[in-house]
Amino acid sequence: MSSPNNTKFQLSTNTTSATMGGVSASSPMQSLTINNFNNVLGQTISFDLEGVSLSFIATGTDDQAGNAAVLKSAMDTNSAALTAVGISYLSNSDGTGIEVTKSDLSPVDLSNYI
């Protein structure tokens, strides 16, 4: 794990919670929530979710809903590829994060986090 000042968002999983900052989470994750964004306005955030490359332009730490919205937009752009690998997603109840689920309940692969 990286230091908190390098963290860009937090993953809350069904079994653990891991703060991401350039490394992949380890532990089974059939579902997760991407939230608690910590970034700079205009920063490019990218990672692979089940081999599908996602990238979005951050809206800054103070705009949690904005970060969730641009991440969801990036996922919407890649919805066919995400669906093909069994990923479904939706905004969380307060609009400040994205809930991700894998249909076959196998671990969710998050990699190449930049």
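Structure: above.
Source: prediction; values computed, not measured. (Residues numbered from 1 in each chain as written. Predicted model: local features only at pLDDT ≥ 70, side-chain atom pairs only at ≥ 80, totals over all residues. Heavy atoms only, no water.)

Student: How would you explain the packing of aromatic side chains if you had to name every residue and give the values?
Tutor: Scanning the model with the defined rule gives two aromatic pairs in all. With 6.3 Å between their ring centres and 90 degrees between their planes, F37 and F56 make a pair best called edge-to-face. Residue F37 is found in the loop between β3 (31–35) and β4 (44–49), and its partner F56 is found in strand β5 (residues 52–57); the two are separated by 19 residues along the sequence. With respect to class, F37 is no different from F56; both count as buried. (Phe/Tyr/Trp six-rings, centres within 6.5 Å; stacked < 30°, edge-to-face > 60°. Helix = DSSP H or I, 4+ residues; strand = E, 2+ residues; numbered from the N terminus. Buried < 20%, exposed > 50% of the residue type's maximum accessible area, 1.4 Å probe, protein only.)

Student: Can you tell me about helix α1 (residues 64–77), naming the residues and giving the values?
Tutor: Note that an α-helix has 3.6 residues per turn; residues three or four places apart therefore point the same way. Between the first and last C-alpha of α1 there are 20 Å, a value that for 14 residues agrees with the 20 Å anticipated at 1.5 Å per step. Taken residue by residue, α1 has Q64, G66, N67, A68, L71, A74 and M75 as its buried positions. Structurally, α1 contributes buried residues whose contacts are with β3, β4, β5, α2 (79–84), β6 (87–91) and β7 (98–102). (Expected span 1.5 Å × (residues − 1). Contact = heavy atoms within 4.5 Å.)

Student: Describe the sheet that holds β5, naming the residues involved and giving the relevant values.
Tutor: Reading across from one edge, β5-β4-β8 is the order of the three strands in this open sheet, with antiparallel pairing throughout. Two strands lie at the open edges of the sheet, namely β5 and β8 (110–111), each paired on one side alone. Judged from the two bridges that link them, β4 and β8 form a sheet pairing that is antiparallel. When the bridges of β8 are listed, L49 appears paired with L110. The sheet strands contacting α1 are β4 and β5, and the helix crosses β5 at an angle near 145 degrees. (Pairing = 2+ DSSP bridges. Axes fitted to C-alpha atoms, helices over the stretch in contact; angles between N-to-C directions.)

Student: Describe unusual backbone geometry, with residues and values.
Tutor: Despite not being glycine, N36 has its phi angle at roughly 50 degrees, a positive value. Along the chain, the position of N36 falls in the loop between β3 and β4. For N36, a relative accessible area of 42% puts it in the partly exposed group. Positioned with a positive phi, N112 is a non-glycine residue whose angle comes to about 50 degrees.

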